[in-house]
Amino acid sequence: MTALAKAEAAKPRVAALDKAYGHLDGLALLRVMIEKEFRGRIALGSSFGAEAGVLLALVAEIDPATPVLFLDTRKLFEETLRYKETLVARLGLTDVRVLRPDAAELVAEDPDATLWSRDYDACCDLRKVRPLNRALGDFDAWITGRKRFHGDGRTTLPTIEAEDGKIKINPLVRWSQADIAAEFKARDLPPHPLVAQGYLSIGCTTCTRRIEPNEEIRAGRWAASDKTECGIHKARWSKNP
Ligand code: SF4
């Protein structure tokens, strides 16, 4: 089945799930997806970034053995790698899967690790999109932490969607920045260490800068270009129609 055909086939499932659960979000939506609809067939994708603690804590409250997919591009901040260890220990997560770019592909396509400086999209494809797609083969659905207040193409995100035949659950789309902050406080979650330095959206060291107080939350990502997303949320059929 082609990627486009898979996307079409998933539409009725999305419609049924949306009808049953589209009014839910946060913990309530996660619980029904993890315990009922996709039991044993769902994973959480997490960057262990600035806001990630909330979604990780909600998932851990339901089932700390839920698989968590973490993309280690080999270009992350040391602070992110340490924060991951902190949160895993704090929340008792037992199945965090570290996804790295394929070694042979790295040698062939980015031998000097500077591909990012010539072609952001190719680098993200090599270091993020392909490793994630390989890992998602084990699952029917995955959970993302995207929110509408992030702006750009995220302002109209649905709670439940499909991409390349996988169902995507976005439990925090309707949450505000204040909601996230309140949940951090209520659960006494440790902040990512770079937040205090002005990094409110955190990716690779080469492609992330701190933001000014008047800037959009994701303004520090690929700031020298018009790129706004890494590509893991873009359907393959839309790239290769
Ligand atoms: S964010 Fe930058 S360094 Fe990281 S994978 Fe994308 S282009 Fe490469």
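The full set of residues close to the ligand is Lys75, Trp116, Tyr120, Cys123, Cys124, Arg127, Cys204, Thr206, Cys207 and Trp222. Sort the elements by how many residues they give to the shell around the ligand and helix H7 (residues 120–136) lands first, with 4 residues. In terms of residue class, the shell around the ligand is built from 7 nonpolar, 1 polar and 2 charged.

Let us look at the environment of aspartate 18. Summarising the element assignment, aspartate 18 is placed in helix H1 (residues 3–21). Separated by 140 residues in the primary sequence, aspartate 18 and proline 158 have C-alpha atoms spaced 9.1 Å apart.

Once that is clear, we can look at the confidence of the model for the protein. Looking at the protein, pLDDT values average 93 and 97% of them are 70 or higher. A low-confidence stretch, residues 237–241 stays under pLDDT 50, and its non-local contacts, those more than four residues away or across chains, total 8 contacts.

Another point: the pairing of strand S5 (residues 160–163). Strand direction decides the pairing type here: S5 and strand S6 (residues 166–169), joined by 4 bridges, are antiparallel. When the bridges of S6 are listed, glutamate 161 appears paired with lysine 168. Where S5 folds back on S6, the antiparallel hairpin that results is connected by 2 residues, among which aspartate 164 adopts a positive phi of roughly 50°.

Attention now goes to the sheet that holds strand S3 (residues 96–99). Ordered in space as S3-S2-S1-S4-S6-S5, the 6 strands form an open sheet in which the pairing is mixed. Two strands in the sheet have a free side with no partner beyond their single neighbour: S3 and S5. Strand-to-strand, the axes of this sheet are offset by a mean angle of 30°, without reference to chain direction. Pairing of strand S4 (residues 141–143) with S6, which is carried by 3 bridges, proceeds in the parallel orientation. In the strand pairing of S6, isoleucine 143 is matched with isoleucine 169. Sheet contacts for helix H3 (residues 52–62): strand S1 (42–45), strand S2 (68–71) and S4; angle to S1, the most-contacted strand, approximately 155°.

Rules used in this analysis
- Residues numbered from 1 in each chain as written.
- Predicted model: local features only at pLDDT ≥ 70, side-chain atom pairs only at ≥ 80, totals over all residues.
- Heavy atoms only, no water.
- Near = heavy atom within 4 Å.
- Helix = DSSP H or I, 4+ residues; strand = E, 2+ residues; numbered from the N terminus.
- Nonpolar A, V, L, I, M, F, W, Y, C, P; charged D, E, K, R; others polar.
- pLDDT = per-residue confidence, 0-100.
- Contact = heavy atoms within 4.5 Å.
- Pairing = 2+ DSSP bridges.
- Axes fitted to C-alpha atoms, helices over the stretch in contact; angles between N-to-C directions.

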